[in-house]
Structures are given as structure tokens and as C-alpha cells.
4 protein chains.
Amino acid sequence: MDAFEIEHVSEVEVEDPVFIEGLPGVGHVGKLAAEHLVEELDSELVRRVYSTHFPPQVTVENGLTQLASAEIHAVTTDDAELLVLTGDHQAQDTAGHYGLTDTLLDIIESFDATPVYALGGVPTGELIEEYDVLGAATTDSQREELEAIGVEFRGNEPAGGIVGISGLLLGLGKRRGVPAACLMGETSGYLVDPKSAKAVLEILEEAVGFEVDFGTLEERADEMEDVVRKIQEMEQTAPAPPDEDLRYIG
Amino acid sequence: MDAFEIEHVSEVEVEDPVFIEGLPGVGHVGKLAAEHLVEELDSELVRRVYSTHFPPQVTVENGLTQLASAEIHAVTTDDAELLVLTGDHQAQDTAGHYGLTDTLLDIIESFDATPVYALGGVPTGELIEEYDVLGAATTDSQREELEAIGVEFRGNEPAGGIVGISGLLLGLGKRRGVPAACLMGETSGYLVDPKSAKAVLEILEEAVGFEVDFGTLEERADEMEDVVRKIQEMEQTAPAPPDEDLRYIG
Amino acid sequence: MDAFEIEHVSEVEVEDPVFIEGLPGVGHVGKLAAEHLVEELDSELVRRVYSTHFPPQVTVENGLTQLASAEIHAVTTDDAELLVLTGDHQAQDTAGHYGLTDTLLDIIESFDATPVYALGGVPTGELIEEYDVLGAATTDSQREELEAIGVEFRGNEPAGGIVGISGLLLGLGKRRGVPAACLMGETSGYLVDPKSAKAVLEILEEAVGFEVDFGTLEERADEMEDVVRKIQEMEQTAPAPPDEDLRYIG
Amino acid sequence: MDAFEIEHVSEVEVEDPVFIEGLPGVGHVGKLAAEHLVEELDSELVRRVYSTHFPPQVTVENGLTQLASAEIHAVTTDDAELLVLTGDHQAQDTAGHYGLTDTLLDIIESFDATPVYALGGVPTGELIEEYDVLGAATTDSQREELEAIGVEFRGNEPAGGIVGISGLLLGLGKRRGVPAACLMGETSGYLVDPKSAKAVLEILEEAVGFEVDFGTLEERADEMEDVVRKIQEMEQTAPAPPDEDLRYIG
């Protein structure tokens, strides 16, 4: 097996798609958002990416196995076509992150899927009342467009930069001339955060021009409410310390 | 030395063999089961696989050294021929797991040894009364055959997937069109577990069609009884906590 | 992306430059010193080095991203031309350190930029009154020149050798016939140390023949004074233990 | 720089040499023994091996730097010629151990230097009264020769096998047909142990046929006596626990 392999699962015509990435990371914000699109909208699996830099692992569903991979789905909405990347893993090492992102950009270029939206969370270290979405972009024009629809751009935040596939889609994308932006939902960093995922998707709806129902995401958010409430009760006795390791954004 | 090297130790004719893997993992279930076949039945070492991804280590026996390797034995029973993989090591890194499994599949294809049975344990976190065997497979027909002889298939269990060479024999095997199944004996995860190995072998006997004596395995199981009893006594004072890291299946 | 890539940001004529390296390390002495030159003097970014051995990360400034890289600036003074390497990262692994240094030496040779001065700190484990600068060199003549202007050469200090890009610029430089020296400012090892950076730059001024204003570096030093004072107060209650890990010199 | 590079420091005629390895490991037994030969006997540096799998580091002596390397010295005694490998580092990763050993075997074959003696220590977990030397070999005839001069061969001891360059010189040497043996001096595992090094060298003297003065090694042993005495005093209050990590043999 090569270090990175692309499997053509199905050949679908997609017209002027944008590319959306949502792999595991802080608060699983990006992953929740991307999976919500695949589940709620009309979608079809078109590519799998396998890599020797993914964990040596299969998942089991109904007794049948699937090798660790990242999945690209063609998602059709009334107003736009999307290619949505989901998966359970980041690469396991530094060279893997670079190589995987290069492979994704090959696919992105083969579909002429621009711009790229990398979705993720940015940890604040405290529970969120109002879910702002922080942005980063490879070009001035993207920054201006996103700023106009409510995305926050703040000096050199996030201070720790953007790490992982999300960061490299912008870093390597820029070098290749592929316009890319990162949308980071604020999140405590302590919890899986469907509300932050919804905030990110609302921006994405406006940026790309499509609509998706948020019912199931809101249900998951309600389920988290109890957990949050318990944490708040805990916080009244001992305040949560700042956590260095929460700067990671998938 | 290349990253992976195959040594032809002897050339033996084997007719329509199945391939059985049992490397170290949870409860050493797979390793115990595979070694039991090699020790109890008529067997001959046919291949060694060396790798720069194995530990940089030799073992010493009677003052003579043997470089770290995985060993493939031709095992002859009254009713079937087996190729049995044993060894003391998993690969030491992610790329090593993938490369080693690719090398094993090369050998499997050269012997036309199908299907592949990967043996291992699945941790339950508590002491086992009745040793169920959990299954996973690359094809529907294998799943049905194994279900018919008592193998359990449960939703998306094991929840953490199957990791290591066992997992990749299914994951990469499926991609190559080599039918493969994983038989996982339930085990506490706290102890080397000969009883779980016996449960796995009983399923394997029926799946492949051969018989092996369990005398020595039962002796080892009896030796473990005292240990188990002591643990149970300990558990009466403090219950064992669930252990995240026990999801590993060799 | 290749493991190491050189981006030509601008083509500038530089006459007989020396090469100065200052990446992160003990007390950030080398990094502070190199950045001070770039900020205070007339400088232009000429090359970026990207690597799959750098962290998979972009930094964000005003909402725009920059892929992790090392930067080489052409710096013009009244009396000499300098090529100054700055950056936020050392390589992430052993092979990365060697490969990155080889890439830097390729650039150094393409500019015929000699000698090479690697700047860093050497930890003493205690607060410094008088900031000596320790030296190491690839040739006797360099050692003599540096000794003549006040650089200390002491037996086999630093005892732990010189680690990272600084060390390899000398180690690999010597093998290629590129004369190189390391200037290490003494520093406690506990704090970012602008005073040590100033001591190193004062030696460099004399070795290369140029002048730079130290105003901003002295301001940062003043800001650190409070921190130092607090540490000294703390030390009166409990003495700081020697720290094995402080032998690292960037 | 290639992953492994051989520098020809000088070209010396050596007649029918044996090869002796002594890199860092348990009790620094092998390193002490090999360095003692180089220091006490008539020796000349003939080869250096550099590797990107060594630490990214230079050592400093009198202000001049030397890149991390393994050194091979031609050592002449009245009765035999030796090639002695010394150095401050093992490789930093698994692939490095294999590649470095392959490179050493290339040199060994180019000098036709056989047999290979890998020197090291084997930890007992307790202070030693009588320093036995444990052996391992690639061939029966070597084992018999060594057994005849007092080397101990015990079942499958050392239980953890032999790890690192010492182990691979036997493991990879055997595959190439280069006869090799490992001489392991018993040592507590807690201390640098010149007495164990002397015990190993006494066996080596007899195996190869040469003589070396032990004066300086005995002095170092005397210096360690005080340390040992203190440890024994400490042991009277709290017995030393067995240490899993002490199985490593350099």
C-alpha cells in the first residue's frame, strides 16, 4: 500500500462545488458540522482516502469491517453543490498531516472545488453564552467576504495558530493557489459542542448559499445541556484552570 | 536490510491452506491460540518475516540468538492444512503495521491461503463466566457462516474497532479481495487468558474443520485459576475500574 | 510537498554576507537576537524554507495565514551585509533537524554567505550577573578570532554539547567546509532573556563589524526585571534545583 | 546528508582483525570496556559513521566541535589486531538501529574483521560480588569456545533478549554469515560499573589472545566503591525494587 491512496467509490458529476472539511478536533465542532451536512442533505460517498499514516485500525459495523479512511461525499442542496470531507482520524504524525493534505488538495483540484472551508473549534476555556465564529483566510477578498457576514477576525487569534489538516488546507492551499478559509466556532474546549457546530454551519450557509435543517443538531445540543449544567455546578466549587493543550484545532 | 524481508526457511507443499494469525494482544488470546496449534499439531516452520519496524532485538535460546521476526508454520491436521503466524511482536509504529500486513498478504497470496482468520481477544473489563467469541468479517457470506456456528456479531462492537495486524489483515485483505475474518474471544483484559484462547479455537475447529487436543491449554487455564481467584477476592474490596486502553486487539 | 522546500520570496543582491541563525532555544536568546537585527536594521525577506518536519500548523495575522516556515532576511548595515534566519520552530524530529540544516547550508552556499554564526543560550541554572558569551567553532582560526574579542572557550563546555539546528550548522557545516561558530549567551535557563541576547549581539557586532541600536532590547530586558526580582524572592525560600533538561541550545 | 555516511579518517592496514563493539548501555559496561582498549593500547581512528538517526548534536572539545558519530579505531596489541567501535550514542529510533548495524556490518566485511564481539552489561538488580560474564552467539562453535573459557550460557537468559546495536550485530550478522558473539558482564544496573567492564575484558583477552593493563579501570572501580558503599547503606533501610527497564543491553 502506498502512503496515501485514493479510492474512487463512485463517479458523480458535481457542478462548481465548494469543499468542506470537518475532521476530529476541539469540541468535535468541525466533525459534527460536516457529518450533519452529510446526514441531513442528499449525499453520496464519492472518494475514500487511505493512508499508512492513519491508525492501523478497522471499524466494525454489523460485523463488517472498514479500514480507517477519510471520506469525501458529494452533497447536493437546492442552491449549491458541496464536497464534504468527514472521518474519524487526523494523521498520526507530522509527515502524515502534510501528505494527507497534499492528497486532499489533489482531489480538490481534480473537482475544481473552491473555495475550501475548513471547519473547527477554537477553545475559550470557559462556557460559551454567545457562539462567535472566528475566521482565518488565505486571501484578503475571502476575509472581507466572511467579515461581511459576521465572522470575527481578531489580530493574531487564535494565538496558537491552526493545527492539523484544517491549518494545512490553508497553508498548503495558499501555496498552490487554492483559496481557503477556516471557520472556527468558539467552544469551551471541555465538551463535544453541537451548538458551536450549528453556529459554524449558519455562517457556512450564508457564505456558500444553501439551507440545512438543524433539528437533529439542536437535539444533540439539548442532550449536552445537562452535562453543561453539571459542569457549571462543579465550577461553582472549583474554577476550571486554563489548559495549554486546548489550542489544537482540527 | 529492506524494511520487510521474507526468509524462506523451508519449502513445503501445503494444499488449500487457511491462514491463521495470532500475535500478542489483549489477554494474549490470539498468541496463545496460534501457538497452541503449532505446538500440539504436526508443524514445520516455513517462513520468517523480518522488519526494521520490529524492535531492534534478538532473543536468546541456549546461548544462540534469533533476530526479532514473525514466523509462519505449515500445520497439518487430519482434515485440513493451516498456515499459522506466530511471533512476539507487533510492529513498532503505524507505517510498520501497514507494511507488515502487506508483506503477510503477499505470503498469503503466494500460498493461496484463504480465508484468513485473525485471532484475538476483546476486553470486557470484568471476569468472564461464559466465553463468547465476537466476530468481524470482510464479506457477508463469511459473517453468515460464522454466525451459524455460534460467533456473535453485535452492532458496531467492538466499539474501538480492531487495531494492529489483526485489524489490518481484514482492512487491507478486503481491499485486495482476500476474504478475512476476526475471531475475538471475550476476556477480562487483565490477565493472560487460556480459556478465552480455547473458546476461540473451538470456533476455529468448526469453521475450518479440524481437531486439536486442549489438554495443555486447560492446564495453563487451571494455573490461571488461582490468579483469578485472588483477583476476585481483591474485587470484593475494590471494584476494578473500566480501562480505556483495553480496547486494543492484537 | 517535498520534505524540504525553498521559496524564493525576493531576489536581492547581497555582497559578501555572513549568515546568522537564531531559532527558538534556551532563554530564546538566539531568537531574540536574530529578530532584533531584522526589526532594527534595514531588512528584506528573501527566502522561506517549508518542511514536512515542521509542525502541521499555520499562524494567523490579521486573519491571514502563513504556513510554518523558517525565514531568511537580507539585512543591510552601514558596514556589512547579513543573512539572518529566524522562525518559530525547530524541526520536529531527528531526521528533520539534519535535513533542515542541509537545506540551510544549500542556501548558505548559494549566497556564499560565510562564516555562519549560530546564536543561542547556554543555561547556568542560576541568575546571571555578568553575561559571558561562550563559544564553539569549526576551525582554530575562528576560535582564535573570537577569543580575541572576549568570547569564552572552556574545556568541553557546554557539557551536553550543542543540540538542534545551531549544533548541526557547525557539525554539517564543518563536513562541507563551511566555517561556522556558535555564540552562546549565558542565561539562567528559566526565563526569556533579552540581556543575554544583547550580550551575544555585542560580540557579533565586533566579530562581523556593524552596529545596531539596543533600545528596544533593553526595554524588554527592563520588563523582565520584575519577573527576575520575583524569582529571586522565591529563591530565598526554596533554591532552584539543577535541571538536566536545560542543556538544550537552539 | 544520507541517512548513514562513512568517513574514511585514515587508511591503516590491519591484519586479520576482530571487531569489538562498545556503545552506551546498562552500566556503561560495553562503552567502558571498548574505550579502555582504545585508551590503553596503540590505537588510531580509522572510520567515523555519521547518521541522521543520531541525535542532532555536536560535542565541544577545546572550543572545537565534532558531529555526533560512532568511531572505529584500529588497535594494535602484541598479539592481535582489533577494530574497536566506540561512541556516545545509540541510534534514536528503530529503523536507525537496523540501518546503523547494517552500515557497521558493511565496514566489518570491508575489513574482513571477524568474529564480532559485542560488549555490554546484563542487569541483575542487586549488587554483584562475583562478576560472571553471560554469553550469546550466532554459532554453536563460538558458544563452545566461549563456554570453554568461562563464559556462562544459561537457558534463554537474558530473558528480555539483547536490544540495540549489540543485539542487531548478532541478529543481522547471523543473516549475513558474519560470526558474532555478545559478552555481557553482570552488573547491578544502578551504576556505571568498571568492575564489570574489567570482567568482560578479561574474557575478551582470552578469547582473542591479547593483554591489556587494567590499572586505570581499577582506579575508576575504586572511585565507584564509595558510591556502592553508600547504596549498600541505603539498602539496609529499603531494599531496591526490581526494575523492568533494566533489561536493556547496549
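1. Here's the deal with the overall build of chain A
The number of helices and strands found in chain A is 6 helices and 11 strands. Computed over its C-alpha atoms, the radius of gyration of chain A comes to 18 Å, within 12% of the 18 Å expected for a compact globule of 250 residues. Along the three orthogonal principal directions, the C-alpha set of chain A runs to about 55 × 45 × 35 Å. Residues counted as buried form 57% of the 250 residues belonging to chain A. Working note: accessible area of chain A is about 10,500 Å², and carbon and sulfur atoms make up 43% of it. Averaged over its 14 positive side-chain charges, chain A has a centre that lies 5 Å from the centre of its 52 negative ones.

2. Considerations on the relation of the copies chain A and chain C
Relative to chain C, chain A is turned by 90° and slid 0.1 Å along the rotation axis, the superposed coordinates differing by an RMSD of 0.0 Å. The relationship between the two copies is best expressed as a four-fold rotation axis. Taking C-alpha positions as reference, the residue of chain A nearest the rotation axis is A:D93, located at 7.5 Å.

3. Considerations on the interface of chain B and chain D
Listed per partner, the contact involves 23 residues of chain B and 29 residues of chain D. The contact between chain B and chain D buries some 1,900 Å² in all, and 56% of this surface belongs to carbon and sulfur atoms. For the chain B face of the interface with chain D, the top three residues by lost area are B:P56, B:V60 and B:T65, together amounting to 31%. Put simply, D:R175 and B:E5 hold a salt bridge, and the shortest N to O gap is 2.7 Å. At the boundary of chain B with chain D, the tally comes to 12 residue pairs in polar contact (both at pLDDT 80 or more). Counting residues per element, the side of chain B that touches chain D draws most heavily on strand β4 (residues 57-61) of chain B, which supplies 5 residues. Pairing of β4(B) with strand β10 (residues 162-163) of chain D involves 2 bridges; the strand directions are antiparallel. Looking at the pairing, B:Q57 lines up with D:V163 of β10(D).

4. Let's talk about the packing of helix α1 (residues 29-40) of chain D against helix α5 (residues 194-209) of chain D
Residue and element names in this part refer to chain D. Between α1 and α5, whose axes approach to 8 Å, the crossing angle comes to 60°. By the angle between their axes, α1 is oblique relative to α5. Judged by the twist between their axes, the crossing of α1 over α5 is right-handed. Taking contact as the criterion, the partners of V29, L32, A33, H36 and L37 in α1 are, on α5, P194, S196, A197, V200, L201 and L204.

5. Some details on the interface of chain A and chain C
Contacts between chain A and chain C engage 29 residues on the former and 23 residues on the latter. It is A:T94, A:Y98 and A:R175 in chain A that bury the most area against chain C; as a group they hold 32% of the surface buried on that side. The interface formed by chain A and chain C contains 1 salt bridge. Counting across the chain A and chain C interface gives 12 residue pairs in polar contact (both at pLDDT 80 or more). Residue assignment for the side of chain A that touches chain C shows that the elements contributing at least two residues are α2 (94-110), β9 (133-137), α3 (140-148), β10 (162-163) and α4 (165-176) of chain A. Considering only residue class, the side of chain A that touches chain C consists of 11 nonpolar, 12 polar and 6 charged.

6. Brief notes about the environment of C:A113
Residue and element names in this part refer to chain C. Looking at the element boundaries, A113 is found in the loop between α2 (94-110) and β8 (116-123). Taking the C-alpha atoms as reference points, A113 and E81, 32 residues apart in sequence, are found 9.5 Å from one another. What A113 contacts, discounting residues up to four positions off in sequence, is P17, V18, F19, L83 and I108.

7. So, the arrangement of the chains
A gap remains between chain B and chain C, with no contact made and the closest C-alpha atoms lying 15 Å from each other. Structurally, chain A and chain D remain out of contact, their C-alpha atoms never closer than 15 Å.

8. Thoughts on α1(D)
Residue and element names in this part refer to chain D. A rise of 1.5 Å per residue sets the reference length of α1, with its 12 residues, at 16 Å; its end C-alpha atoms lie 16 Å apart and thus fit the reference within 8%. Counting buried residues along α1, 9 of its 12 residues qualify, which places the element largely inside the surrounding structure. Along α1, the residues classified as buried are V29, G30, K31, L32, A33, A34, H36, L37 and V38.

9. Section: the confidence of the model for chain A
Residues and elements named next belong to chain A. In this model, chain A carries a mean pLDDT of 92, and residues with pLDDT of at least 70 account for 95%. Across residues 239-250 the pLDDT falls below 50, and counting only partners more than four positions away or on other chains, this stretch makes 38 contacts in the model. Of the two predicted TM-score estimates for the complex, the pTM is 0.90 and the ipTM is 0.89.

10. So, the pattern of salt bridges
Overall, the coordinates contain 72 salt bridges over all chains when judged by the stated rule. With a closest N to O distance of 3.2 Å, C:R176 and C:E109 form a salt bridge. Of this pair, C:R176 sits in helix α4 (residues 165-176) while C:E109 sits in helix α2; the two residues are 67 residues apart in sequence, bridging distant segments of the chain. A relative accessible area of 40% means that C:E109 is categorised as partly exposed. Members of the salt-bridge network, linked through shared partners, are A:D132, A:E152, A:R154, A:E157 and A:E186.

11. What to know about unusual backbone geometry
Cis rather than trans, the peptide bond between B:E157 and B:P158 has omega equal to -10°. By the secondary structure assignment, B:P158 is in the loop between α3 (140-148) and β10 (162-163). At A:D16, a residue that is not glycine, the phi angle is positive and equals roughly 45°. Structurally, A:D16 is set in the loop between β1 (4-8) and β2 (18-21). Its identity as a non-glycine residue notwithstanding, A:D112 has a phi of 50°, on the positive side. Tracing the sequence through the fold places A:D112 in the loop between α2 and β8 (116-123).

12. Brief notes about the side chain of D:T103
All names here are of chain D. Relative to the elements of secondary structure, T103 occurs in helix α2 (residues 94-110). Look at T103 and you get buried, because its relative accessible area is 8%. Here the side chain of T103 touches G99 through a polar contact of 2.9 Å, landing on its backbone oxygen. Other than its neighbours up to four places away in sequence, T103 contacts F4, I6 and V49.

13. Examining the packing of α2(A) against α4(A)
All names here are of chain A. α4 packs onto α2 with a crossing angle of 60° between their chain directions and a minimal axis gap of 9 Å. Considering the angle they form, α2 stands oblique to α4. Relative to α4, α2 is oriented so that their crossing is right-handed. Taken together, the residues of α4 that come into contact with α2 (itself represented by H97, Y98, L100, T101, D102, L104, L105, D106, I108 and E109) are I165, L168, L169, L172, G173 and R176. Residues of the contact of α2 with α4, tallied by class, amount to 9 nonpolar, 3 polar and 4 charged.

14. Brief notes about a negative patch on the surface
A contiguous patch of negative charge on the surface is contributed by A:E13, A:E15, A:D16 and A:D112. Within the secondary structure layout, A:E13 lies in the loop between β1 and β2.

15. Considerations on the pairing of strand β6 (residues 70-76) of chain D
All names here are of chain D. Burial of β6 is extensive: 5 of the 7 residues sit out of reach of the surface. Here 7 bridges tie strand β3 (residues 42-51) to β6, and the two strands are oriented antiparallel to one another. Each residue of the ladder has a partner; that of E44, found in β6, is A74. Examined bridge by bridge, β6 and strand β7 (residues 81-87) share 7 bridges and lie antiparallel to one another. From the neighbouring strand, I72 faces β7, where its bridge partner is L85.

Conventions adopted
Residues numbered from 1 in each chain as written. Chains lettered and ligands numbered in written order. Predicted model: local features only at pLDDT ≥ 70, side-chain atom pairs only at ≥ 80, totals over all residues. Heavy atoms only, no water. Helix = DSSP H or I, 4+ residues; strand = E, 2+ residues; numbered from the N terminus. Rg over C-alpha atoms; globule rule 2.2 N^0.38 Å. Buried < 20%, exposed > 50% of the residue type's maximum accessible area, 1.4 Å probe, protein only. Areas by Shrake-Rupley, 256 points an atom, 1.4 Å probe, with all protein chains shown as cover. Lys, Arg positive; Asp, Glu negative; His and termini not counted. Charge placed at Lys NZ, Arg CZ, Asp CG, Glu CD. Least-squares fit on C-alpha atoms with pLDDT ≥ 70 in both. Contact = heavy atoms within 4.5 Å. Buried area = accessible area lost by both parts, 1.4 Å probe. Salt bridge = Lys/Arg side-chain N within 4 Å of Asp/Glu carboxyl O. Polar contact = N/O pair within 3.5 Å; in protein donor to acceptor, adjacent residues only side chain to side chain. Pairing = 2+ DSSP bridges. Axes fitted to C-alpha atoms, helices over the stretch in contact; angles between N-to-C directions. Parallel < 35°, antiparallel > 145°, perpendicular 65-115°, else oblique. Left-handed = near helix turned anticlockwise from the far one by under 90°. Nonpolar A, V, L, I, M, F, W, Y, C, P; charged D, E, K, R; others polar. Expected span 1.5 Å × (residues − 1). pLDDT = per-residue confidence, 0-100. Patch = residues over 30% accessible without salt bridge, like charges linked within 9 Å, V, L, I, M, F, W, Y side chains within 5 Å.

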